[in-house]
Amino acid sequence: IVMTQSPDSLAVSLGERVTIHCKSSLTVLKASNNMNYLAWYQQKAGQPPKLLIYWSSTRESGVPDRFSGSGSGTDFTLTISSLQAEDVAVYYCQQYYYIPINFGQGTRLEIK
Amino acid sequence: EVHLVESGGELVQPGGSVRLSCAASGFTFSASWMSWIRQVPGKGLEWVAHVKEDGSVKRYLESVEGRFTISRDNAKTSLYLQMNRVRVEDTGFYYCARDKPGGSYDAWGQGTLVTVSS
């Protein structure tokens, strides 16, 4: 399975909306429980990744509500509703339906 | 508070061995799957291996199968990665991570750097 994110990088003005896409080469929707095995992470410079979203749209505890996830099957989106300076980071999607578990190549987000 | 602290990273020659450790605290270690994930500095994330709560199930990235061994000691709340016959492409930061039920990772250590070079 291949996870492909787009774009590879983007620069957005503070307060603007950010959309990052993730496409999997195989569906990560498990029919038996109707769950998408897809997560999103934020990695700031010099830090380990931080879980933002799991089950494609469930926000992790403590994550600001400007972060949201959507999508199903093979196409997913991470949205930041209003970009803040502290959101500068690399964002990764991850599928955990198949072994090997794998990640997208990352999307670098900067301030314009 | 969940705390994961990796150690053991070092400079090792190709073909050599190194053992990584991860000390866990702040949660019921024996109730969590645990994983190792690596990252070449400046590059993306790569899952390496994971182990079930009781150690009975272990799975590996194909490129490390037969060379790396993941293990755990629930009494010591510690996770390990024995890396044998290492290759240059095994270079990177190795993170210990706690699996949420299902397979995402809700806690990460700060990582330990393994450099494979002659």
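Below, the structure is looked at part by part. Predicted, not measured: the structure shown is a model, and the values here were computed from it.

### Remarks on the state of the cysteines
Residue and element names in this part refer to chain A.
Alright, step 1. All told, the structure shown has two disulfides over all chains when counted by the stated rule.
Alright, step 2. Each sulfur of the disulfide joining Cys 22 and Cys 93 lies 2.1 Å from the other. The sign of the 70° torsion about the S-S bond sets the Cys 22-Cys 93 disulfide as right-handed. Of the two residues, Cys 22 is situated in strand E3 (residues 18-24) and Cys 93 in strand E11 (residues 89-95); the sequence distance between them amounts to 71 residues.
Alright, step 3. Residue Cys 93 is classed as buried on the basis of its relative accessible area, which comes to 0%.

### Points about the packing of aromatic side chains
Residues and elements named next belong to chain A.
Alright, step 1. In total, this model carries 11 aromatic pairs over all chains according to the counting rule given.
Alright, step 2. Relative to Tyr 97, the ring of Tyr 37 lies with its centre 5.3 Å away and its plane at 70°, an arrangement referred to as edge-to-face. Placement of Tyr 37 in the loop between strand E5 (35-36) and strand E6 (38-43) and of Tyr 97 in the loop between E11 and strand E12 (102-103) is noted, with a sequence separation of 60 residues between them.
Alright, step 3. With a relative accessible area of 9%, Tyr 37 lands in the buried category.
Alright, step 4. Relative to Tyr 91, the ring of Phe 67 has its centre 6.4 Å away and its plane inclined at 35°; by these criteria the two rings are tilted. You can see Phe 67 sitting in strand E9 (residues 67-72) and its partner Tyr 91 sitting in strand E11, a full 24 residues away along the chain.

### As for the sheet that holds strand E8 (residues 78-83) of chain B
All names here are of chain B.
Alright, step 1. With respect to topology, four strands assemble into an open sheet ordered E1-E3-E8-E7, the strand pairing being antiparallel. Edge positions in the sheet fall to strand E1 (3-7) and strand E7 (68-73), since each of these pairs with one other strand and no more. For this sheet, the mean angle separating the axes of adjacent strands, direction not counted, is 15°.
Alright, step 2. Examined bridge by bridge, strand E3 (residues 18-25) and E8 share six bridges and lie antiparallel to one another. Within E8, the residue paired with Ser 21 across the bridge is Tyr 80.

About the cut-offs
Residues numbered from 1 in each chain as written. Chains lettered and ligands numbered in written order. Predicted model: local features only at pLDDT ≥ 70, side-chain atom pairs only at ≥ 80, totals over all residues. Heavy atoms only, no water. Disulfide = S-S within 2.5 Å. Helix = DSSP H or I, 4+ residues; strand = E, 2+ residues; numbered from the N terminus. Buried < 20%, exposed > 50% of the residue type's maximum accessible area, 1.4 Å probe, protein only. Phe/Tyr/Trp six-rings, centres within 6.5 Å; stacked < 30°, edge-to-face > 60°. Pairing = 2+ DSSP bridges. Axes fitted to C-alpha atoms, helices over the stretch in contact; angles between N-to-C directions.

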